[in-house]
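Fold and geometry: a report
Read off the chains here:
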Amino acid sequence: MPPFILPSLVVAIPGFLIIAVLRRLVDGVLPSYGSLALVFLGIVAQTGSLFLGMFIGGHFQSPIGLWVGKLASVGGTLLFIWLCKSQASWRDIGLRSSQPKTIGLTAGLFFVMAGVTWFLAHCYAPRQAFSAGAFAFMLLLSGTDEELLFRGAMPALLRRADETGRRQRAVNTGLVFTIPTIAFMLMHGLRFVDQHFAFSWQALALAGFGGCILMCIRLSTRSVWPSLIVHNMVNAGSVVAMALWQ
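Overview of the structure. (Residues numbered from 1 in each chain as written. Predicted model: local features only at pLDDT ≥ 70, side-chain atom pairs only at ≥ 80, totals over all residues. Heavy atoms only, no water.)

Looking now at the packing of aromatic side chains. Any pair of aromatic rings gets described here by the distance separating the centres and the angle formed by the planes. Counting across every chain of the model gives 8 aromatic pairs. Judged by centre distance (6.4 Å) and plane angle (25°), the ring pair of F51 and F55 falls under stacked. One end of the pair, F51, and the other, F55, are both in helix α2 (residues 33-57), 4 residues apart, so they sit about a helical turn from each other. Residue classification places F51 among the partly exposed residues on the basis of a relative accessible area of 28%. Each ring, one from F192 and one from F197, has its centre 4.9 Å from the other, and the planes form 70°; the classification is edge-to-face. By relative accessible area, which is 42% here, F197 ends up partly exposed. In textbook terms, an aromatic cluster arises when at least three aromatic residues are bridged by ring pairs, as seen for F110, F111 and W118. Over the aromatic face of Y33 sits the side chain of R23, whose NZ or CZ is 4.5 Å from the ring centroid. The cationic tip of R151 hangs over the ring face of F184; the distance from NZ or CZ to the ring centre is 4.2 Å. (Phe/Tyr/Trp six-rings, centres within 6.5 Å; stacked < 30°, edge-to-face > 60°. Helix = DSSP H or I, 4+ residues; strand = E, 2+ residues; numbered from the N terminus. Buried < 20%, exposed > 50% of the residue type's maximum accessible area, 1.4 Å probe, protein only. Lys NZ or Arg CZ within 6 Å of the ring centre and 35° of its normal.)

A few words on a nonpolar patch on the surface. On the surface, a cluster of nonpolar side chains totalling about 500 Å² of accessible area is made up of L78, L79, W82, L83 and W90. The biggest single contributor to the nonpolar patch is helix α3 (residues 63-83), with 4 residues. According to the relative accessible area criterion, L83 is exposed, its value standing at 57%. (Patch = residues over 30% accessible without salt bridge, like charges linked within 9 Å, V, L, I, M, F, W, Y side chains within 5 Å. Areas by Shrake-Rupley, 256 points an atom, 1.4 Å probe, with all protein chains shown as cover. Salt bridge = Lys/Arg side-chain N within 4 Å of Asp/Glu carboxyl O.)

With that out of the way, let us pick up the nonpolar core. Counting 35 residues, the largest nonpolar core has L30, F40, I43, F150, M154, L157 and L158 as the members making the most contacts within it. Elements supplying a minimum of two residues to this core: α1 (5-25), α2, α3, α7 (144-158) and α8 (166-189). Core analysis: the second largest hydrophobic core is formed by 9 residues, L109, L214, I217 and V234 among them. (Core = buried A, V, L, I, M, F, W, Y, C linked by side-chain atoms within 4.5 Å.)

In this section: the packing of α1 against α2. Viewed as axis vectors pointing N to C, α1 and α2 meet at an angle of 175°, and their least axial separation amounts to 9 Å. The angle between α1 and α2 falls in the class roughly antiparallel. Residue-level inspection shows I5, S8, L9, V11, A12, G15, F16, I19, A20, R23 and R24 of α1 in contact with α2, the latter providing Y33, L36, A37, F40, I43, V44, T47 and F51. Considering only residue class, the contact of α1 with α2 consists of 14 nonpolar, 3 polar and 2 charged. (Axes fitted to C-alpha atoms, helices over the stretch in contact; angles between N-to-C directions. Parallel < 35°, antiparallel > 145°, perpendicular 65-115°, else oblique. Contact = heavy atoms within 4.5 Å. Nonpolar A, V, L, I, M, F, W, Y, C, P; charged D, E, K, R; others polar.)

Our focus in this paragraph is the packing of α7 against helix α10 (residues 224-243). When two helices pack together, their arrangement is captured by the angle between the axes and the distance separating the axes. In contact at an axis separation of 9 Å, α7 and α10 are set at 140° when each is read in the N-to-C sense. Here α7 lies oblique to α10, going by the angle between them. Considering how the two elements wind past one another, α7 and α10 form a crossing that is right-handed. On α10, the residues that touch T144, E146, E147, L148, R151 and G152 of α7 are V224, S227, L228, H231 and N232. Of the residues in the contact of α7 with α10, the class split is 3 nonpolar, 5 polar and 3 charged. (Left-handed = near helix turned anticlockwise from the far one by under 90°.)

Along the chain, N235 turns up in helix α10. Looking at N235, its side chain comes within polar contact range of the side chain of S142, at 2.9 Å. Excluding residues that lie within four positions of it along the chain, N235 makes contacts with M138, S142 and G143. (Polar contact = N/O pair within 3.5 Å; in protein donor to acceptor, adjacent residues only side chain to side chain.)

Looking now at the pairing of strand β1 (residues 190-193). Remember that side chains alternate between the two faces of the sheet whenever the strand is regular. Only one face of β1 is covered, namely the one carrying L190 and F192; the face carrying R191 and V193 has none of its residues buried. Where β1 lies against strand β2 (residues 196-199), 4 bridges are found, and the strand directions are antiparallel. Its bridge partner being in β2, F192 is matched across the sheet by F197. Linking β1 to β2, which pair antiparallel, is a turn of 2 residues; within it D194 sits at a positive phi near 55°. (Pairing = 2+ DSSP bridges.)

Right, dumping it as structure tokens:
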């Protein structure tokens, strides 16, 4: 079994229960329980589609398995988004053009995220020879499903559509930023390997750093496309950075 299946359930089920309690304690901040359930159901849909695609691909560690898995995950996430259209429109999810005045901010955040990530990949990641296939995979698919979910569907489903007070709107915006970012961190830091859970503080910290930058891009541009492009470009650059050891 891939190491991300059980962690997805560990993140989704307790996550929903915690946020449901928070909704009950703090009135007017979070949307309906149905929307909250969809927020965490999306994690299961994305990882389940990834598992199915990798299974169809024939081997969980083979290049073809990764390609088929990610394509299935993108398709499954888009299907989930389509099924949620009564709760959040495509525009709400960020499948729209970005704000033109945010290009400079996006570029600046890209260089910050890329500089830190590539430096760490060059200094601490295992040495790997450059692979055109791995570079293409990272550039085209590596973060696509994650952006559609963590920076697309989840923030849209967490956003309250009705009018609330200024304080409630501010708290809601904070939760829209924080909840998907924490889920993104946990999905990268927690794994199930050799019949037990393993936790990587390094992966958690790096995912948290990248997740915050990507969410800043998403909320400032009001579009998921810039964060998706930045995510995949940074991942592709990491392949080059690790190859520079050779």
